[in-house]
Structures are given as structure tokens and as C-alpha cells.
Amino acid sequence: MRADAEGFVQTIDAALNLVRMSLDWERALRRLDELNARVEDPTLWDDPKAAEEVMRERRRLDSAITTVREIDAAKTGTVELIELAEMEGDEALANEGVADLEKLAIRADKDKVAALLSGEADGNDCFIEIHAGAGGTESQDWAEMLQRMYMRWAEARGYKVEMMEYQSGDQAGIKTATMQIKGENAYGYAKTESGVHRLVRISPYDSAAKRHTSFSSVWVYPVIDDNIEIDINEGDLKIDTYRASGAGGQHVNTTDSAVRITHKPTGIVVASQNDRSQHKNRATAMGMLKARLYEAELRRREEAAGSEYEAKTEIGWGHQIRSYVLQPYQQVKDLRTGVVSTAPFDVLDGSLDPFIAAALAQKVTGEAVDVDDND
């Protein structure tokens, strides 16, 4: 078979094998049979909450398994068509088959990423929290660039973005900001962005035009619904109110309506200034705190990923997950997966999917995975 066709087959097989590994294929097949049997049980809906969980798991498994089988069958049929066309010397039919394989490879790579979203909260909305590191204006400007990057990424996916809390920088940029991203699988896609991000550039704030290195941290955690119970002792909370502020006069109040809550046992701090009502901001902040505590529990269950999240303890050298270099050359490199882009301004404009896909794949394989930089 032609080399280009073989290359597409390898791409398809690699994607399908990754999904099978992610699902634990044989276990997933048995589990789907169990769930199908439970759906036939007329007493299932006696407990609506449990029934919804069963239906949700069944839909996820059925979709992933069906997709793998469809793509695998289409690949086999197309390969047979190409081989037959080559035997008969029908170049046009062979070319058509290769084109079909290429489309199938693109679909397999795309569906692979969606199938990797199998975590407990992957389907949820999420919060993205950004903090400037040490370095004053440089880091604060970098934090605002990251905020814009995630807003562009979310909007490109059709997600809704809502600013929950925003603290302007001293001269430019931001000290901290928290956004809520609303959309299907928002947390599943964004969760791998947690960590420290490093920028190298010629500073626009340095009259000597020297190269500067700046750090900012990103923290992603899922929005949780009322079905997930998180017990919080009021005595463990420190609650402060303050006057909201924002860029360009946005989110500015004349009363102390913004609320900041510190969970003393863990040191987790959340804040909300999105509403003019202090009562509503407090309720929102409590929801964010519950989400953070829930996310911490999810992390404890992911032993292999535990060290990744220790990066938040220090925003600086040795803790970064990705480097964005604008000078003396142009490159973005993910230090976990090895994925590189030579178009950093596209990345800063929201082109994050290749990095996200590789990081999700790495959680399954434990190894760096090649991802097309042009996706």
C-alpha cells in the first residue's frame, strides 16, 4: 500500500489504541453491558438521581465504543478498497480511497480527544483563576495576556465566559482574575492548563529594551452542582469584604460589595465581585470554595498527576509547565509533553488545542505524544 495511505492508517490506529487504553477496553465493554441491563430494569427510575448517573455513564461509554468501532470498520473497508484499486491499476479510485483515509485520520484524532474526557467532573463548567507572579508590572501584564488567551480559546469553542473577580495591576495588567467558563466539557479540556506559565520577551516597559522573564500561575477547577455535597465548617472561614474594581471602569462599585473567603485549614482563597449585591457575591464565592475543595479531592485521587499541581506553591523557576518565548526567537513549548509551536502569537490568540490534546493523552500513556502543531 502507498506510503501516504500507510501513514494515515498509523494515525488512525494510534488514536484508536489510545482511546481503548483510556477506556480500559474490555472492562468498558463489560460495563456497557451492565448499564444496558440496568436501563431495562423498570425500577431504575425509582431513584431519579441514581438513574441520571447511570444514563450519563451509559451515554459516554456507548458513544466512545461506537465511535471506535465505526472508525475501525471504515478504516478496514477503505484499506481493502485501496488495495483492490492498486491491484486493478485504478489510480483514480486509489486516490479517492487515500483521501477518505485522510479524512478518517482527522476524525479519529479529533474524536480521540473527546473520548479522553472520562474524569468525574470533565463534563462540567469550570473556573480559570490567574495570578501574576513576582516581578510587578511585567508579571501583571503577562497575567492579563493569559487572561485574554483563555477568553479567546473559550470563545472559539463556543463557550460563554463570565468574569467573576478582577484586580487591576499597579500600572498595567492584572494582579489576579477569575473567569467562569460555561460549556460542554469545559473543565475536561481546560484542566491540563493548571500550572505556572513563563514568558520571555523584550519588555515594552523597559526603556533599555532588555529581555525579561515573567511568570504567572493558572489554576483550573470545576463548577459543581447541588448534587455534590461539600461540608464546610463556618469556623474555618475568614470572610472579608472590599470595594470591587476593574479595568476601564468595569465592575466598579461604590460600596464594599466584593467578597473574599479564606479557608483557613487549606489556605484556599476565593473571591467574587461580579454582582453589586454583597449577599450574592458571598453565595458565589462559597460556590467557588466548594468547587476548589472538590477539585482538591479529585486531585488526591489522581496520584500520578499529584506532583503537577504542586507548581502552584511557587510561581517561578522550576515550576513552569509551558514557556512562551517571543525573543530572541519565537516558540511556545510545553515542558510536560514536548509539544512545540513556532507561532506564539497564534497560541496567545487562543490556539491551545494541540497542547491540551497532548496533555490529555499523556495522562493516559504517561508519555509525550506527537501532536500536529498545525491543528
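Residues numbered from 1 in each chain as written. Predicted model: local features only at pLDDT ≥ 70, side-chain atom pairs only at ≥ 80, totals over all residues. Heavy atoms only, no water.

Explanation requested: the overall build of the protein chain in the structure shown.
Within the protein chain, the secondary structure is distributed over 9 helices and 11 strands. Expressed as a percentage of the 375 residues in the protein chain, the buried residues total 46%. Once local pairs closer than 6 in sequence are excluded, the contacts in the protein chain between residues at least 24 apart make up 64%. By element, 46% of the accessible surface of the protein chain is carried by carbon and sulfur atoms, the whole surface being about 18700 Å². (Helix = DSSP H or I, 4+ residues; strand = E, 2+ residues; numbered from the N terminus. Buried < 20%, exposed > 50% of the residue type's maximum accessible area, 1.4 Å probe, protein only. Contact = heavy atoms within 4.5 Å. Areas by Shrake-Rupley, 256 points an atom, 1.4 Å probe, with all protein chains shown as cover.)

Got a minute to help me understand the packing of aromatic side chains in this structure?
Pairs of aromatic rings are described using the distance from one ring centre to the other and the angle between the two planes. In total, this model carries 3 aromatic pairs according to the counting rule given. Summarising the aromatic geometry, the rings of Trp153 and Tyr159 are spaced 5.9 Å apart at their centres and angled 75° between planes, so their arrangement reads as edge-to-face. Looking at Trp153, the relative accessible area reads 2%, which means it is buried. Cation over ring: Arg157 sits above Tyr189, and NZ or CZ is 4.0 Å from the ring centre. Residue placement shows Arg260 over the ring face of Tyr242; its charged tip is 4.3 Å from the ring centre. (Phe/Tyr/Trp six-rings, centres within 6.5 Å; stacked < 30°, edge-to-face > 60°. Lys NZ or Arg CZ within 6 Å of the ring centre and 35° of its normal.)

Help me out: how do you make sense of the side chain of Asp141 in this one?
You can see Asp141 is positioned in helix H5 (residues 137–156). Among residues more than four places away in sequence, those in contact with Asp141 are Ala172, Gly173, Arg201 and Tyr205.

I tried to follow the sheet that holds strand S7 (residues 258–263) on my own but got confused; where do I start?
Strand-to-strand pairing in sheets goes through backbone hydrogen bonds, with the strands running parallel or antiparallel. Pairing is antiparallel across the open sheet formed by 3 strands, whose spatial order is S6-S7-S8. Strands at the two margins of the open sheet, each flanked by one partner only, are strand S6 (237–242) and strand S8 (268–272). Across this sheet, the average inter-strand angle for adjacent strands is 15°, counted without regard to direction. Where S7 lies against S8, 5 bridges are found, and the strand directions are antiparallel. Following the sheet pairing, Arg260 is matched in S8 by Ala271. (Pairing = 2+ DSSP bridges. Axes fitted to C-alpha atoms, helices over the stretch in contact; angles between N-to-C directions.)

For this particular structure, what's the right way to read the side chain of Asn185?
Considering the arrangement of structural elements, one finds Asn185 in the loop between strand S3 (174–182) and helix H6 (186–190). On the basis of relative accessible area, Asn185 is assigned to the buried category, the value being 18%. The residues touching Asn185, leaving out its near neighbours within four places in the chain, are Leu117, Asp122, Gly123, Asn124 and Tyr159.

Can you walk me through the pairing of strand S10 (residues 331–334) in this structure?
Residues in a regular strand project their side chains so that they alternate between the two faces of the sheet. Side chains Val332 and Asp334 of S10 all project onto a buried face; the interleaved residues Gln331 and Lys333 project onto a face where none is buried. Strand direction decides the pairing type here: strand S9 (residues 320–325) and S10, joined by 4 bridges, are antiparallel. What sits directly across from Tyr324, in S10, is Val332. Taking the residues that link successive antiparallel strands as the turn, the S9-S10 hairpin has 5 residues. Pairing analysis gives 2 bridges linking S10 to strand S11 (residues 340–341), with the strands arranged antiparallel. The partner of Lys333 across the bridge, within S11, is Val340. Count of turn residues in the S10/S11 antiparallel hairpin: 5 residues, of which Gly338 carries a positive phi of about 85°.

Any chance you could explain the sheet that holds S9 here in plain terms?
Read from one edge to the other, the open sheet built from 8 strands follows the order S2-S3-S1-S5-S4-S9-S10-S11, with strand pairing classed as mixed. The outermost strands of the open sheet, each flanked by one partner alone, are strand S2 (160–168) and S11. Together, strand S1 (126–132), S2, S3, strand S4 (195–202), strand S5 (211–222) and S9 form the strand contacts of H5, whose direction differs from that of S5 by roughly 45°.

Could you clarify how one ought to interpret the layout of surface pockets in this entry?
Estimates place the volume of the largest pocket at around 1100 Å³. As for the largest pocket, its lining consists of 34 residues, and the residues nearest its centre are Arg56, Arg60, Gly119, Glu120 and Gly123. Listing elements by their share of the lining of the largest pocket, those giving two or more residues are helix H1 (3–23), helix H3 (48–88) and helix H4 (91–115). When grouped by side-chain class, the residues that make up the lining of the largest pocket number 13 nonpolar, 8 polar and 13 charged. (1 Å grid on protein atoms, 1.4 Å probe; cavity = no way out; pocket = protein on both sides within 12 Å on 5 of 7 lines; lining within 4 Å. Points joined across faces, edges and corners; volume = space filled by probe spheres on them. Nonpolar A, V, L, I, M, F, W, Y, C, P; charged D, E, K, R; others polar.)

Looking at this structure, how should I read the pattern of salt bridges?
Opposite charge on two side chains permits them to pair, given that their charged atoms come into close proximity. With the rule as written, the count across this model stands at 24 salt bridges. Of the charged contacts, one joins Asp4 and Arg2 as a salt bridge, the two residues approaching to 3.1 Å between their closest N and O atoms. On the accessibility criterion, Asp4 (33% relative accessible area) is partly exposed. Salt-bridge contacts for Asp13 lead to Lys75; the nearest nitrogen and oxygen are separated by 2.8 Å. Remark: Lys75 occurs in helix H3 and Asp13 occurs in helix H1; sequence separation between them is 62 residues. You can call Asp13 partly exposed: its relative accessible area is 26%. Within the structure, one salt-bridge network assembled from shared partners comprises Asp13, Arg20, Asp72 and Lys75. (Salt bridge = Lys/Arg side-chain N within 4 Å of Asp/Glu carboxyl O.)

Before we go on, may I ask you to explain the nonpolar core in this structure?
Among soluble globular proteins, nonpolar side chains are generally buried collectively. Core analysis: the largest hydrophobic core is formed by 64 residues, its most contacted members being Ile128, Tyr150, Leu289 and Tyr324. Top contributing element to this core by residue count: helix H7 (residues 278–301), with 8 residues. Residues contacting Ile128, with those up to four places away along its chain left out, are Tyr150, Ala177, Thr178, Met179, Ile181, Ala190, Val218, Trp219 and Val220. Formed by 28 residues, the second largest nonpolar core is a distinct cluster that contains Val9, Ala15, Leu23 and Ile82. (Core = buried A, V, L, I, M, F, W, Y, C linked by side-chain atoms within 4.5 Å.)

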